[in-house]
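Here is what each chain is made of, one letter per residue.
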Amino acid sequence: MSTLELRNIHKSYGAVNIIKDVNLSVHDREFVVLVGPSGCGKSTLLRMIAGLEEITGGELTIDGEVMNDVSADARGLAMVFQSYALYPHMTVSENMGFALKLAKVPESERNQKILKAAKILQLEHLLERKPKQLSGGQRQRVAIGRAIVRQPKIFLFDEPLSNLDAALRVQMRIELAELHRRLNATMVYVTHDQVEAMTMADRIVVLRDGVIEQVGTPLELYNTPANTFVAGFIGSPKMNLIEARVIEVEGGNAKLFINGGSTLNVAARPGLNVGDTLTVGLRPESIGPSETGTVTGVVDVVEHLGSETLCYINLGSGPLLTAKLDSAAPVAVGDTMKVGVLKGKPILFAQSGEALRDR
Ligand code: ADP
Ligand code: MG
């Protein structure tokens, strides 16, 4: 069993509050990803969990035991950093076994553990090499191996893939997801990359300015973002967020007036009144050219990505509307396009940014 509980966790440096009242339960064997823009406090939070940073306020427990004043090495955790932090003069094997050696684990047991981790990470043939004789991906695997041999209660990762090139990141993402399955371990993983979060997490925690904006499974965050921040952060290309005004509410329907003179019909929500201003969220993959479309604009930019075509539509004012179309879609710059909602439904956000839930 390895559970982690954060209760009303605060962190401040002098008068500056960096982490503000964070509450989170990480379940046994769960893969939780903390995601948010650079500077939002992800590393600070992870370092507090690891015991590398003092907790200003609140309570941190691991398996029900309060850890606030327990030293880092007594918490039973292992952390993998973005900078692999390998010892350059040691071999892969020595790097991986160093913590065990410090802990006075007998050599034969140490070697067994190193070999087992090396097998999992496919590093067996590299055990006698020095870090400088390894590729970036291999070094990262050694850093992960160093964590595995310690059999920690919980693995902590701080942007471990950020130094790798794009192709290798994809490969390591898959390997880490597999590793999680194989080790059946509890993992907390920090990244600024929403794709990493979406692909690896059981649950995602979205942080902004030291505050948790939403916690949920990848699809919960994608389908029902709590606010415009999460809506804009999760999903690529970004969700279109368009300012609109309610001009008619009748029966179950509401008519919205949006940028440049277009209108959009949506299902009414409780408490929606004529004159309200709000933000409409439209996923690029849910909209496209439609005879019955009520949103009209001119195609400003077309990007042919091969598997799909991204189309940026000028509505007359406001930001360009992004539509993700089939690669065979016959669109060209300068086309006037009637855009409709082809899949799913628009998400409405109040002026405060909070999503309006439909009943
Ligand atoms: P992230 O990992 O999400 O990019 P960090 O947790 O590293 O963000 O930092 C969060 C905020 O805390 C940043 O604004 C950063 O400048 C500030 N910060 C981090 N460490 C210190 C420190 N030792 N003293 C003062 N401010 C700090
Ligand atoms: Mg960081």
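Residues numbered from 1 in each chain as written. Chains lettered and ligands numbered in written order. Predicted model: local features only at pLDDT ≥ 70, side-chain atom pairs only at ≥ 80, totals over all residues. Heavy atoms only, no water.

## A short note on the environment of Lys 20
- Tracing the sequence through the fold places Lys 20 in strand E2 (residues 16-26).
- On the accessibility criterion, Lys 20 (33% relative accessible area) is partly exposed.
- Between the alpha carbons of Lys 20 and Ala 85 there is a distance of 30 Å; along the sequence they are 65 residues apart.
- In contact with Lys 20, not counting residues within four places along its chain, are Ile 9, His 10, Asp 209, Gly 210 and Val 211.
- A polar contact is formed between the side chain of Lys 20 and the backbone oxygen of Asp 209, at a distance of 3.0 Å. (Helix = DSSP H or I, 4+ residues; strand = E, 2+ residues; numbered from the N terminus. Buried < 20%, exposed > 50% of the residue type's maximum accessible area, 1.4 Å probe, protein only. Contact = heavy atoms within 4.5 Å. Polar contact = N/O pair within 3.5 Å; in protein donor to acceptor, adjacent residues only side chain to side chain.)

## Focus on the packing of aromatic side chains
- Inspection of the entire model under this criterion finds five aromatic pairs.
- Between the aromatic rings of Phe 229 and Phe 233, the centroid separation amounts to 5.8 Å while the plane-to-plane angle is 15°, which identifies the pairing as stacked. Of the two residues, Phe 229 and Phe 233 both sit in helix H8 (residues 228-233), four residues apart, roughly one turn of that helix. Just as Phe 229 is buried, Phe 233 falls in that class too.
- An aromatic cluster of three or more residues is present, and its members are Phe 31, Phe 155, Phe 157 and Tyr 189.
- Taking NZ or CZ as reference, Arg 283 lies 4.1 Å from the ring centre of Tyr 222, over its face. (Phe/Tyr/Trp six-rings, centres within 6.5 Å; stacked < 30°, edge-to-face > 60°. Lys NZ or Arg CZ within 6 Å of the ring centre and 35° of its normal.)

## Here's the deal with the sheet that holds strand E6 (residues 77-80)
- Spatial strand order, E6-E7-E8-E3-E9-E10: six strands in an open sheet with mixed pairing. Here the strands that pair on one side only, and so sit at the sheet edges, are E6 and strand E10 (211-216). Each strand of the sheet is rotated relative to its neighbour by a mean of 15°, with strand direction disregarded.
- In this structure, strand E7 (residues 154-158) lies alongside strand E8 (residues 186-191), joined through five bridges in parallel fashion. The residue of E8 that forms the bridge with Leu 156 is Val 188.
- Against the sheet, helix H4 (residues 136-148) engages E6 and E7, with an angle of about 175° to E6.
- Contacting strand E3 (31-35), E7 and E8, helix H5 (residues 166-183) crosses the sheet at an angle of about 160° to E8. (Pairing = 2+ DSSP bridges. Axes fitted to C-alpha atoms, helices over the stretch in contact; angles between N-to-C directions.)

## Remarks on the sheet that holds strand E13 (residues 263-267)
- Taken together, the five strands give an open sheet; going across it, the order is E13-E12-E11-E14-E20, and neighbouring strands pair in antiparallel fashion. The sheet terminates laterally at E13 and strand E20 (347-349), the two strands that pair on one side only. Ignoring which end each strand starts from, the neighbouring axes of this sheet average 40° apart.

## Regarding the pattern of salt bridges
- Under the counting rule described, the total for this entry stands at ten salt bridges.
- Where Arg 47 meets Glu 53, a salt bridge forms, and the shortest distance between an N and an O atom there is 3.1 Å.
- Three or more residues are tied together by salt bridges with common partners; here these are Lys 11, Arg 47 and Glu 53. (Salt bridge = Lys/Arg side-chain N within 4 Å of Asp/Glu carboxyl O.)

## Some remarks on helix H2 (residues 92-102)
- Looking at H2, one finds that the buried residues are Val 92, Ser 93, Asn 95, Met 96, Gly 97 and Leu 100.
- Lining the buried residues of H2 we find helix H3 (107-120) and H4.
- Backbone geometry just after H2 places Lys 104 at a positive phi near 60°.

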